[in-house]
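The lines below spell out each chain.
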Amino acid sequence: MNHWRKQLAALLMAKSYLEKDVVLTSGKRSNYYFDCKQTALHPEGAFLIGSLFVQMLRDDPDAASIQGVAGMTLGADPLVTATSLVARAEGLSWPAMIVRKEAKGHGTASYLEGLANFQAGDRVVVLEDVATTGGSALKACRRLTDAGFVVHRVCCILDREEGATEALAAAGLPFTALYTRSQLLHEAGA
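The structure presented is a predicted model; accordingly, all values stated were derived computationally and were not measured.

Trainee: Can you walk me through the environment of Gln183 in this structure?
Mentor: Turning to its location among the elements, Gln183 is positioned in helix H7 (residues 181-187). Here Gln183 falls in the partly exposed class, since its relative accessible area comes to 36%. Remark: the alpha-carbon pair of Gln183 and Glu90, spanning 93 residues in sequence, is separated by 27 Å.

Trainee: Honestly, the packing of aromatic side chains in this entry has me stumped. Any pointers?
Mentor: Working definition: an aromatic ring pair is given by the centre-to-centre distance plus the angle between the planes. Using the criterion set out here, one finds three aromatic pairs in the structure. Look at Tyr17 and Tyr32: their rings are 5.4 Å apart centre to centre, the planes differ by 25°, and that puts the pair in the stacked class. Of this pair, Tyr17 sits in strand E1 (residues 17-18) while Tyr32 sits in the loop between strand E3 (29-30) and strand E4 (33-34); the two residues are 15 residues apart in sequence, bridging distant segments of the chain. Across the pair, exposure class does not vary: Tyr17 and Tyr32 are buried alike.

Trainee: Teacher, can you tell me more about the pairing of strand E10 (residues 175-180) here?
Mentor: Consecutive side chains along a regular strand alternate between the two faces of the sheet. Where strand E9 (residues 150-159) meets E10, five bridges bridge the pair, whose relative direction is parallel. Looking at E10, one finds that Val154 is bridged to Phe175. Once you follow E9 into helix H6 (residues 164-170) and on to E10, the crossover reads as right-handed.

Trainee: Even after reading the chapter, I still don't get the environment of Asp35, so can you show me in this structure?
Mentor: Relative to the elements of secondary structure, Asp35 occurs in the loop between E4 and helix H2 (37-40). Sequence spacing of Asp35 and Arg181 is 146 residues, and the spatial spacing of their C-alpha atoms is 13 Å. Within the structure, Asp35 has its side chain in polar contact with the side chain of Gln38 (distance 3.1 Å).

Trainee: Explanation requested: the sheet that holds strand E7 (residues 112-113) in the structure shown.
Mentor: The strands making up a sheet are joined through hydrogen bonds of the backbone, oriented either antiparallel or parallel. Sheet architecture is open: six strands sit in the order E7-E6-E5-E8-E9-E10, paired in mixed fashion. Looking at strand neighbours, the two that pair on one side only are E7 and E10, the edges of this open sheet. When strand E5 (residues 68-72) meets strand E8 (residues 123-131), the two strands line up parallel, connected through three bridges. Bridge pairing in E8 places Val69 opposite Val125. Along the sheet face, helix H3 (residues 43-58) touches E5, E8, E9 and E10 and points at about 135° away from the line of E9.

Scoring rules and cut-offs
- Residues numbered from 1 in each chain as written.
- Predicted model: local features only at pLDDT ≥ 70, side-chain atom pairs only at ≥ 80, totals over all residues.
- Heavy atoms only, no water.
- Helix = DSSP H or I, 4+ residues; strand = E, 2+ residues; numbered from the N terminus.
- Buried < 20%, exposed > 50% of the residue type's maximum accessible area, 1.4 Å probe, protein only.
- Phe/Tyr/Trp six-rings, centres within 6.5 Å; stacked < 30°, edge-to-face > 60°.
- Pairing = 2+ DSSP bridges.
- Right-handed = clockwise from strand over helix to strand, strands pointing away.
- Polar contact = N/O pair within 3.5 Å; in protein donor to acceptor, adjacent residues only side chain to side chain.
- Contact = heavy atoms within 4.5 Å.
- Axes fitted to C-alpha atoms, helices over the stretch in contact; angles between N-to-C directions.

Put into C-alpha cells, the structure is as follows:
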C-alpha cells in the first residue's frame, strides 16, 4: 500500500495541486489550491483513492460496523463511488450516498441520493476531498444525522491543517486524512 500512497501523491501533485493565490470555500485566502476532482476523475486516481480509503477503513478497529460511505456533492461524488467499487471488489458491501448542498427541488425533495441502499440507523463514513475548516464535512454529517444515519467517522484526502481536525473533534467525530500538505509534498518527492 505504501507504493500506492506514493503513486497517488505523484498523481495528485501532477493533476490537482496548484501553487497560486486563491480564496477557498471557507473564505480563507491560500497560496495553494487543491482541485482533487482532477485526480479523482482519472481512472488511476479513482482506483488509488478508493483503494487507500478502503485500506484506511479496514484498519479501523470498528470496521465491521461500517455500512456505507457518503459525501457532499460534488467533490465527494467520485470518492464515494471509487471507494464503494473497490470495497465491492474486496468482498465488502459499502454502498455510496451523495449529500446535496440544497434539497432536491422536485420529486422527493431530499438532501440525500442513494437512500434505497441504506436503512435508518446505518453507520456511514463521510469522505471529503479537502478539509480546511471542516465546515463541509460537518454540514454533510448534520444532513446524514438528521436523516437517521450514524456518522462513524470522517476521512479526507488532504487535510490543510487549518482547523478541520479541531472542529470535527468538537463535534465528537473521529477524523483521518490520507495526507497533510507536508506529507503530500514529501511523498510526491516535491
